[in-house]
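Descriptive structure summary
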Amino acid sequence: MTTLRAGDLIQVGRAASVQFVKPIRCRVIRVLDWITYDGWCWLDVYQLDDKGDAVARRSIFVRPAGLVVHRRTVPVPVGQQRRSGSIVRPRTQR
């Protein structure tokens, strides 16, 4: 089974669920921990348009093995996010 994470870009088509006759592209918000049939899961996603902009928020019931993952996110440790080439460190409270 495909391991999905928040931020993954996916294509959802018929292989993932029969309701998606026309494939859609989505960005995963989170994988819901709801009890489902074996090999299926619920996802909170943003549906994307052709430019990659979010046009709708959806909860979808799919088979992760049938999803096409276009890009995986790379986890960035807290305090190591980059902005303009510099490392942003969390402020310490005084």
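Above: the structure in question.
A brief report on the enclosed structure follows. No experiment lies behind these values; they were computed from the predicted model shown.

Calculation notes
Residues numbered from 1 in each chain as written. Predicted model: local features only at pLDDT ≥ 70, side-chain atom pairs only at ≥ 80, totals over all residues. Heavy atoms only, no water. Helix = DSSP H or I, 4+ residues; strand = E, 2+ residues; numbered from the N terminus. Buried < 20%, exposed > 50% of the residue type's maximum accessible area, 1.4 Å probe, protein only. Contact = heavy atoms within 4.5 Å. Pairing = 2+ DSSP bridges. Axes fitted to C-alpha atoms, helices over the stretch in contact; angles between N-to-C directions.

What about the side chain of Ser-17?
Along the chain, the position of Ser-17 falls in the loop between β1 (9-12) and β2 (24-32). Residue Ser-17 is classed as buried on the basis of its relative accessible area, which comes to 8%. Excluding anything up to four places from it in sequence, Ser-17 contacts Trp-40, Phe-61 and Val-62.

A look at the sheet that holds strand β3 (residues 41-48)
The five strands lie next to each other as β4-β3-β2-β1-β5, forming an open sheet whose pairing is antiparallel. Since the sheet does not close on itself, it has two edges, and those belong to β4 (54-62) and β5 (68-71), each with one partner. Taken over all neighbouring pairs, the strand axes of this sheet differ in orientation by 40° on average, direction set aside. Summarising the sheet, β2 and β3 pair through seven bridges and their orientation is antiparallel. Paired with Arg-30 across the two strands is Asp-44, which belongs to β3.

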